[in-house]
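# Structural features, examined
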Amino acid sequence: MEETIDYIKQFFLYGNEEAAKWIGYTRNQEDWDHYKLVILPGTNLLSGERHEWTVPDFTKAPQAVKQSEMIDEFGDTTGGTWVIAEDIIYNALFLLSQAELTMDLPRDQHGRLACKDSALGRQGMSTIPVLDEYSRLVTKLLEQALPEQHFSKIYLTHDIDFLTTYRHLRGFMGGIKRGHLRDALKAVHMIENDPSYTFGWLHALDARVTEAEEVYFVKAAAGKGFDYPQYNLAGKDFATLLSLLNEESAQIGLHGSYYATDHKSYKEEKQRLESNVKHPVKYHRNHYLRINAVADLLALDNAGITDDFSLGWADHIGFRFGTTRPARFINPSTLELTGLTMHPLAIMDCTLSNDNYMNLTEEEAYYSAQQLIDKVRQHGGELVLLWHNSIFTPDTYHKQLYTEIIDYLCE
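Rules used in this analysis
- Residues numbered from 1 in each chain as written.
- Predicted model: local features only at pLDDT ≥ 70, side-chain atom pairs only at ≥ 80, totals over all residues.
- Heavy atoms only, no water.
- Helix = DSSP H or I, 4+ residues; strand = E, 2+ residues; numbered from the N terminus.
- Rg over C-alpha atoms; globule rule 2.2 N^0.38 Å.
- Buried < 20%, exposed > 50% of the residue type's maximum accessible area, 1.4 Å probe, protein only.
- Contact = heavy atoms within 4.5 Å.
- Areas by Shrake-Rupley, 256 points an atom, 1.4 Å probe, with all protein chains shown as cover.
- Lys, Arg positive; Asp, Glu negative; His and termini not counted.
- Charge placed at Lys NZ, Arg CZ, Asp CG, Glu CD.
- Pairing = 2+ DSSP bridges.
- Arc of directions from axis to C-beta.
- Salt bridge = Lys/Arg side-chain N within 4 Å of Asp/Glu carboxyl O.
- Polar contact = N/O pair within 3.5 Å; in protein donor to acceptor, adjacent residues only side chain to side chain.
- Patch = residues over 30% accessible without salt bridge, like charges linked within 9 Å, V, L, I, M, F, W, Y side chains within 5 Å.
- Phe/Tyr/Trp six-rings, centres within 6.5 Å; stacked < 30°, edge-to-face > 60°.
- Lys NZ or Arg CZ within 6 Å of the ring centre and 35° of its normal.
- Disulfide = S-S within 2.5 Å.

### So, the overall build of the protein chain
- Within the protein chain one finds 16 helices and 13 strands.
- The C-alpha radius of gyration computed for the protein chain amounts to 23 Å, which stays within 12% of the reference 22 Å derived for 411 residues, consistent with globular compactness.
- Considered along the principal axes of its C-alpha atoms, the protein chain spans approximately 80 × 45 × 35 Å.
- Expressed as a percentage of the 411 residues in the protein chain, the buried residues total 56%.
- Taking the contacts inside the protein chain whose residues are at least 6 apart along the sequence as the reference set, 72% of them involve residues at least 24 apart.
- By element, 48% of the accessible surface of the protein chain is carried by carbon and sulfur atoms, the whole surface being about 17900 Å².
- Positive and negative side-chain charges of the protein chain, numbering 38 and 59 respectively, have mean locations separated by a distance of 7 Å.

This is the structure we're talking about:
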């Protein structure tokens, strides 16, 4: 427990371990003179006046509180101790442990928690990185330097749900049925003619953002149900893609199957992918962003996944765990730190455009994306974008939108 609290103190100070020692977490005023800043524990964590910690039941969600209402000063005005009355350490535990996954909350048809039903969404704070706002407050009170406005990292990520549209039997026959015989024949003749095989164009566009890391998430389970279609990892088409990605030094991650959350098959899928790409795989994002339980995150950690990019909302852009920065997953049952780092997925393509999600026009989508990107930059955070290779079709605005977003990142 102490290790986890220390981790959160350092997180509030952007990793400054020395300055974190100036933060006390106690209600005992006899101890306050030892610190420059004290955060008052709430009853959710503290069972006594001193460090008698208990694992909380997480029934209390973080609330929107004005900073001016949170702080007070103890002692004289010179050399006194700042006091934050709101238990922001508990709030950080709530968000970084994804405690809502343990609660009886409404879920959508895929078992996912929607933004509108989350604590942040209900309070209109889905696009406000509340933990980063806490960090700015703590950093200022301890008279430390705030990070400059910048991106600590940019991840341009792409989920390969469809490697090709027409270069398999069912897709080819479907193309004929829809009256696209000419397009299907062109795709069979040359993979670059297939509407889903946009990787060459994607890479050329992504490469303009020189500091970005490209990540392609690849499926490795049987193509049944919501995982259909499955492409052949030992086949010629995937070998063509793999040659391109290896040549361009793009990262390959596991696109965990829709049903992996039911069967906890991450380790098997990871091993299958590694045997085909011939190198270790450490990155992961689940199909449909379907992380529905704490057990799913623990299973990823046990499978040897070090970095997960699944934790965004499908129905709304924003900051699902209240920060623009990556953070280690905290087990809400034990409050222990795990080896899994969670990366904040800020924007997914279909979240902006789908009529069952935000249903924005191209102009609205660009403005919303721009606003969120600016917040990540303002807080010195990590920008994670998700655009599927198969979404750049003439009946969507995403080819133009994604190009405009890359242009904006290059300004």
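### Brief notes about the pairing of strand 10 (residues 327–330)
- In this structure, strand 10 lies alongside strand 11 (residues 337–342), joined through three bridges in antiparallel fashion. Within strand 11, the residue paired with Ala327 across the bridge is Met342.
- Between the end of strand 10 and the start of strand 11, which pair antiparallel, lie six residues, with Leu335 showing a positive phi angle near 60 degrees.

### Structural notes on the sheet that holds strand 9 (residues 307–308)
- Judged by pairing direction, the sheet is mixed, and its nine strands sit side by side in the order 10-11-9-8-7-6-5-13-12 without closing on themselves. Since the sheet does not close on itself, it has two edges, and those belong to strand 10 and strand 12 (347–348), each with one partner.
- Sheet analysis places strand 9 next to strand 11, joined by two bridges and oriented parallel. Note that in strand 11 the partner of Asp307 across the bridge is Thr341.

### Observations concerning helix 7 (residues 169–177)
- The complete set of buried residues in helix 7 reads Gly171, Phe172, Gly174 and Gly175. Taken around the axis of helix 7, the buried residues stretch over an arc of 160 degrees, which confines them to a single face. Residues Leu169, Arg170 and Lys177 are exposed on helix 7 and point more than 90 degrees away from its buried face.
- Looking at the packing, one finds that the buried side of helix 7 touches helix 8 (181–189).

### Topic: the side chain of Asp206
- Checked against the element boundaries, Asp206 lands in helix 9 (residues 199–206).
- Although Asp206 is buried, it forms no salt bridge, and the closest oppositely charged side chain is Arg208 at an N-O distance of 9.0 Å.
- Within the local environment of Asp206, its side chain forms a polar contact with the side chain of His158, the two groups lying 2.6 Å apart.
- In contact with Asp206, other than residues within four places in its own chain, are Leu156, His158, Glu214, Tyr216, Tyr402 and Ile406.

### Some words on a negative patch on the surface
- The grouping of Glu2, Glu3, Asp6, Glu17 and Glu336 at the surface amounts to a negative patch.
- Per element, the largest residue contribution to the negative patch is three residues, and it comes from helix 1 (residues 2–12).
- Relative to the helices and strands, Glu3 resides in helix 1.
- Taking the relative accessible area as the measure of exposure, Glu3 reaches 55% and is therefore exposed.

### Some details on the packing of aromatic side chains
- Evaluation of the coordinates by the stated rule reveals 20 aromatic pairs.
- Here Tyr258 and Tyr259 contribute two aromatic rings whose centre-to-centre distance is 5.0 Å and whose plane-to-plane angle is 70 degrees, an arrangement assigned as edge-to-face.
- Of the aromatic side chains, those joined through ring pairs into one cluster are Tyr155, Phe217, Tyr283 and Phe309.
- Cation over ring: Lys36 sits above Trp22, and NZ or CZ is 3.6 Å from the ring centre.
- Taking the ring centre of Tyr258 as reference, the NZ or CZ of Arg290 above it sits at 4.1 Å.

### Observations regarding the state of the cysteines
- A full pass over the atoms with the stated rule returns zero disulfides.
- Here Cys115 stays free of any disulfide, with the sulfur of Cys350 as its closest cysteine sulfur at 14 Å.
- Since its relative accessible area comes to 3%, Cys115 is described here as buried.

### Let's talk about the pattern of salt bridges
- Per the stated rule, a full pass over the model turns up 12 salt bridges.
- Across the salt bridge formed by Arg290 and Asp262, the nearest N and O atoms sit 3.7 Å from each other. Here Asp262 lies in helix 11 (residues 260–263) and Arg290 lies in the loop between strand 8 (283–286) and helix 13 (294–302), a separation of 28 residues in the sequence.
- Judged by its relative accessible area of 47%, Asp262 falls in the partly exposed class.

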